[in-house]
Amino acid sequence: MMTLYHGSNMRIEEIDLNRCKPFKDFGKGFYLTDILEQAQQMAERRTRIVGEGVPTVTAYSFDSNWLQSSELKVKCFDAPNEEWAKFVLANRRQKNFVHAFDIVVGPVADDGIALQLDRYEHHFISLEVLVKELTYRHLNKQYFFGTDLAVSKLTLL
């Protein structure tokens, strides 16, 4: 079992995928991290952005064996690579792009990475240069839960 954290401006008692925002790294879904400090920073950021609430980290228990289960469609990116970059770009930019994964695990595309993705998208750098630029950055991991089936595998702590 592992503990995953979600940072927000309130405690999340029940996950409602309909309230999730589209055009994020791995699409519209519920995002968590296994890094408590990262979740705390996200909670502070979210509270600043919405201008209300209190920075709150909600913890969930998750059996990582589900990542190898045939019951769920899971995609794991161990590090930034061409496939990851194209996947993030498609999720962030393409209005009609929807992937078939229940869970996606991989690096967070932070603001610095978003800048590099923009440079690639506007043909200022090649995909090879993009991946090279991203390879040397320390990137935090995120866990995307995009279906009710995936969310059902989380237990509120």
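Everything numeric in this text was worked out from a predicted model, so none of it was measured. (Residues numbered from 1 in each chain as written. Predicted model: local features only at pLDDT ≥ 70, side-chain atom pairs only at ≥ 80, totals over all residues. Heavy atoms only, no water.)

## A short note on the packing of aromatic side chains
Working step 1: On inspection of all chains with the given rule, the structure shows 8 aromatic pairs.
Working step 2: With 5.9 Å between their ring centres and 45 degrees between their planes, phenylalanine 26 and phenylalanine 87 make a pair best called tilted. Remark: phenylalanine 87 occurs in helix H2 (residues 82-93) and phenylalanine 26 occurs in the loop between strand S1 (2-8) and strand S2 (30-32); sequence separation between them is 61 residues. Across the pair, phenylalanine 87 and phenylalanine 26 agree in class, each one buried. (Phe/Tyr/Trp six-rings, centres within 6.5 Å; stacked < 30°, edge-to-face > 60°. Helix = DSSP H or I, 4+ residues; strand = E, 2+ residues; numbered from the N terminus. Buried < 20%, exposed > 50% of the residue type's maximum accessible area, 1.4 Å probe, protein only.)

## Brief notes about the environment of tryptophan 66
Working step 1: Topologically, tryptophan 66 is positioned in the loop between strand S3 (56-62) and strand S4 (74-76).
Working step 2: Counting along the chain gives 50 residues from tryptophan 66 to glutamine 116, while the straight-line C-alpha distance between them is 33 Å.
Working step 3: Once you skip the residues sitting within four places of it in the chain, tryptophan 66 turns out to touch Glu71, Leu72, Val74 and Lys153. (Contact = heavy atoms within 4.5 Å.)

## Overview of the sheet that holds S3
Working step 1: The antiparallel open sheet is built from 3 strands, whose spatial order is S1-S3-S7. Lying at the two open borders of the sheet, with one neighbouring strand each, are S1 and strand S7 (154-156). Between one strand and the next, the sheet's axes are offset by a mean angle of 40 degrees, whatever the strand orientation.
Working step 2: Looking at chain direction, S1 and S3 are connected through 7 bridges and run antiparallel. When the sheet's bridge partners are listed, methionine 2 is paired in S3 with phenylalanine 62.
Working step 3: Sitting on the sheet, helix H1 (residues 36-50) is in contact with S1 and S3, with an inclination near 15 degrees to S1. (Pairing = 2+ DSSP bridges. Axes fitted to C-alpha atoms, helices over the stretch in contact; angles between N-to-C directions.)

## Quick look at the sheet that holds S4
Working step 1: With respect to topology, 4 strands assemble into an open sheet ordered S2-S6-S5-S4, the strand pairing being mixed. What marks the edges here is a single partner per strand, and that holds for S2 and S4. Adjacent strand axes in the sheet meet at a mean angle of 15 degrees when their direction is disregarded.
Working step 2: Relative to strand S6 (residues 141-145), S2 runs antiparallel, the two sharing 3 bridges. Its bridge partner being in S6, phenylalanine 30 is matched across the sheet by phenylalanine 145.

## Some points on the pairing of S6
Working step 1: Taken across its 5 residues, S6 has 4 buried, putting it largely inside the fold.
Working step 2: Pairing analysis gives 5 bridges linking strand S5 (residues 103-107) to S6, with the strands arranged antiparallel. Following the sheet pairing, valine 104 is matched in S6 by phenylalanine 144.

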